[in-house]
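So the chains spell out like this:
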Amino acid sequence: MSSVLYDAQGPRAKRRNIVLTVVFLVAVAALLWWVFGTLKDKGQLEWVLWEPFVHTEAWSTYIWPGLQNTLKAAALAVIIAMPLGAVLGIARLSDHVWVRVPASVVVEFFRSIPVLVLMIFGLALFAEYTNVTSDDRPLYAVVTGLVLYNASVLAEIVRAGILSLPKGQSEAAMAIGLRKGQLMRLVLLPQAVTAMLPAIVSQLVVIVKDTALGGAVLTYSELLSSANTMSGYYGANVIASFTVVAVIFIALNFALTSFASWLERRLRRAKKSTGAVVGPNDAEIAGTAGTGAGGTV
């Protein structure tokens with residue numbers, strides 16, 4: 001079967017792809033075997049290094065508190081950044097220069113600064129000009145950096161999602177008398193949400209991972225920094241500790257992307273199934289109804 005974007009493979013192309021697939025799988029297997037052998041030779045697969053993770057002490061003392069702090073910082077950043085990003089993205093599409101230009105400056109400014117710099121700046125800001133305690137400053141700084149950077153990125157996602165819709169949508173809405181605010185709220189945003197969802201979820205995954213920067217620099221006791229402390233307590237089992245943390249991050253982000261995929265499919269099905277079926281005796285002619293003549297089709 002052929003399409004505009006894809007041509008059916010011939011016999012030679014199929015054989016070539018099979019050969020390349022086999023070569024790739026063999027190379028991956030060889031790499032994994034080399035990694036496994038190297039870890040075994042270095043003693044990193046000894047049971048004594050992995051044993052702490054089958055007991056509750058490591059989980060209750062290090063992993064679970066670190067995971068809670070990671071989820072707390074990520075949740076706060078998401079709750080603040082998503083509506084802020086939506087407002088900035090819509091503001092960049094405003095017809096008013098005094099709204100569009102400041103929003104564009106804010107988005108371009110914070111989108112160009114590394115999130116780690118924003119976190120360090122936030123820590124210094126809270127230490128110098130607020131009464132936030134030293135114990136809470138790392139959390140505030142991490143959330144501030146994540147919000148400023150990711151809200152700017154989400155603003156561009158929202159703007160791109162709205163601009164991706166056909167212009168006929170806006171023209172039809174304006175033709176029936178909808179104002180700009182009604183057009184955005186009732187027509188454009190509901191349709192753009194589904195198109196924006198994959199990019200938004202990708203940015204949410206970035207937020208979850210970037211919380212680790214707070215632990216590396218700002219002494220915020222999130223999951224990654226807890227693993228570092230845990231590896232020192234259990235006899236320098238660095239490989240084992242960070243492997244467990246990596247698996248937790250993978251499971252967390254996979255659950256997030258899986259939920260987003262399910263939500264996207266549900267939204268698409270809902271859009272396809274919302275059309276009401278109107279019978280021939282139920283549809284009144286708009287023109288005759290407006291003149292009071294009545295009449296049905």
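Higher on the page you've got the structure.
Described below are features of the structure shown in this document. (Residues numbered from 1 in each chain as written. Predicted model: local features only at pLDDT ≥ 70, side-chain atom pairs only at ≥ 80, totals over all residues. Heavy atoms only, no water.)

**Some points on unusual backbone geometry**
Then, in step 1: Phi at Thr-219 takes a positive value of approximately 60 degrees, unusual for a residue other than glycine.
Then, in step 2: Relative to the assigned elements, Thr-219 resides in the loop between helix H8 (180-217) and helix H9 (223-233). (Helix = DSSP H or I, 4+ residues; strand = E, 2+ residues; numbered from the N terminus.)

**Structural notes on the packing of helix H3 (residues 56-91) against H9**
Then, in step 1: Interaxial distance between H3 and H9 falls to 7 Å at its minimum, and their mutual angle equals 160 degrees. When the interaxial angle is binned, H3 and H9 end up roughly antiparallel. The handedness of the crossing between H3 and H9 is right-handed. Taking contact as the criterion, the partners of Glu-57, Ala-58, Tyr-62, Ile-63, Gly-66, Leu-67 and Thr-70 in H3 are, on H9, Leu-223, Ser-226, Thr-229, Met-230 and Tyr-233. (Axes fitted to C-alpha atoms, helices over the stretch in contact; angles between N-to-C directions. Parallel < 35°, antiparallel > 145°, perpendicular 65-115°, else oblique. Left-handed = near helix turned anticlockwise from the far one by under 90°. Contact = heavy atoms within 4.5 Å.)

**Quick look at the pattern of salt bridges**
Then, in step 1: This structure, assessed with the given rule, holds four salt bridges.
Then, in step 2: Between Arg-92 and Glu-108 there is a salt bridge, with its nearest N and O atoms 3.2 Å apart. Taken as a pair, Arg-92 in the loop between H3 and helix H4 (97-111) and Glu-108 in helix H4 lie far apart in primary sequence, 16 residues in all.
Then, in step 3: Looking at Arg-92, the relative accessible area reads 15%, which means it is buried.
Then, in step 4: A residue is classified by how much of its surface remains accessible, and Glu-108, at 32% relative accessible area, is partly exposed.
Then, in step 5: Between Arg-159 and Glu-156 there is a salt bridge, and its shortest N-O distance comes to 3.1 Å. (Salt bridge = Lys/Arg side-chain N within 4 Å of Asp/Glu carboxyl O. Buried < 20%, exposed > 50% of the residue type's maximum accessible area, 1.4 Å probe, protein only.)

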